[in-house]
Amino acid sequence: MSIVVENLTKKYGEQKAVNDISFEIKTGEVVGFLGPNGAGKSTTMKIITCFMAPSSGDVRLDNVSIHSDPEAIKKKIGYLPENNPLYLDMPVVEYLRFSAEIQGVPKSKIPSRIAEMIDRCGLDREKHKNINELSKGYRQRVGLAQAMIHDPEILILDEPTTGLDPNQIVEIRKLIKDLGKEKTVILSSHILSEVEATCDRILIINRGRIAADGTSDTLRSQSQGQELLKVSIEASPEEVEKAVRSLANVEKVTPIDGKVGWFNVQSKPDASSRKEIFDLCVNNKWYLMEMTGLETRLEDVFQKLTK
Ligand code: ADP
Ligand code: MG
């Protein structure tokens, strides 16, 4: 099931929390909304899930508009809202039964759906406990089970790993990755490694707009542009610095602090200085101890785009 978002805007008073954004998500994609706090991720999700109306613009799921049939859309979507609101004094099984009824799962199918969710989300040992007795990680699993109880084609998960410890994060990510094999998934996060670990595609959202859209590799290479090398040469550092700086493809040479004979070398756009550096060392009988390319880190891309 595909999602088309068209010129979506949401105003709170004068503030545009979401500012004229458009994008498409194809069936089966796992997409991450990545952005700092206040970027507009949750607002966008609330509109797609029909929990809130936009100020203007449209969202269509397989050509059904949120303006024409919100109830039909809600049935196709599983939603884990921000902060995972749950009824804490209900036992897990009762809560899932309640969620299934609200979502209109036929009565005869409710027990099998509950059993499947308990199994899928690893809740078997906790299923008779009250939700307030569960750890944060297990509550999150209940939130996911609730979101999937009616077997929706689309899952929208708002910050699904917030507040979990590292082991729980790994488990929930694995679960989301598994779900992504059969469903269209949108999840939000302000943590880069999170979307990189779980998503096929990343939409960087900043101040209500889309700042970038692509796989982690494309985003990295888009912002890369120039080659950056780390080089270690055994010879007089002053001589080396001067000689490397004068190479045709080199734009900038920076000695690395505290490491004698080590330099960061930035090449000119679309050029590589690897061969030049190698030849320079050979001609001067210098020992080239190391030469490695430094990758642009996704953190840097993110920071650059959301500054
Ligand atoms: P994110 O989920 O990316 O952190 P949100 O969508 O929650 O961002 O919020 C986007 C912006 O809209 C923020 O500046 C936030 O303060 C504002 N905002 C969100 N909800 C409301 C609201 N109910 N009333 C007024 N402003 C809001
Ligand atoms: Mg949010």
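Residues numbered from 1 in each chain as written. Chains lettered and ligands numbered in written order. Predicted model: local features only at pLDDT ≥ 70, side-chain atom pairs only at ≥ 80, totals over all residues. Heavy atoms only, no water.

J.: Can you tell me about the site of ligand 1, naming the residues and giving the values?
T.: Neighbouring ligand 1 are the residues Tyr-12, Gln-15, Ala-17, Pro-36, Asn-37, Gly-38, Ala-39, Gly-40, Lys-41, Ser-42 and Thr-43. One of the backbone nitrogen or oxygen atoms of Gly-40 is found 2.9 Å away from an oxygen atom of ligand 1. Within the side chain of Thr-43, a nitrogen or oxygen atom sits 2.5 Å from an oxygen atom of ligand 1. Here ligand 1 has 560 Å² of accessible area as a free molecule, and 63% of this is covered by the chains. The set of elements that each furnish at least two residues to the shell around ligand 1 consists of strand E2 (15-25) and helix H1 (41-48). For the shell around ligand 1, the class distribution of residues is four nonpolar, six polar and one charged. (Near = heavy atom within 4 Å. Polar contact = N/O pair within 3.5 Å; in protein donor to acceptor, adjacent residues only side chain to side chain. Areas by Shrake-Rupley, 256 points an atom, 1.4 Å probe, with all protein chains shown as cover. Helix = DSSP H or I, 4+ residues; strand = E, 2+ residues; numbered from the N terminus. Nonpolar A, V, L, I, M, F, W, Y, C, P; charged D, E, K, R; others polar.)

J.: Residue-level account of the packing of aromatic side chains, with values.
T.: Counted under the stated rule, the structure contains five aromatic pairs. An angle of 35° between the planes, with centres 6.4 Å apart, marks the rings of Tyr-95 and Phe-98 as tilted. Taken together, the residues span about one helical turn, with Tyr-95 and Phe-98 both in helix H3 (residues 92-102) at a distance of three residues. Judged by its relative accessible area of 5%, Tyr-95 falls in the buried class. For Phe-98, a relative accessible area of 28% gives the class partly exposed. Site record: aromatic cluster; members linked through ring pairs are Tyr-87, Tyr-95 and Phe-98. One residue, Arg-141, lies across the ring of Tyr-138, its end atom 4.9 Å from the ring centre. (Phe/Tyr/Trp six-rings, centres within 6.5 Å; stacked < 30°, edge-to-face > 60°. Buried < 20%, exposed > 50% of the residue type's maximum accessible area, 1.4 Å probe, protein only. Lys NZ or Arg CZ within 6 Å of the ring centre and 35° of its normal.)

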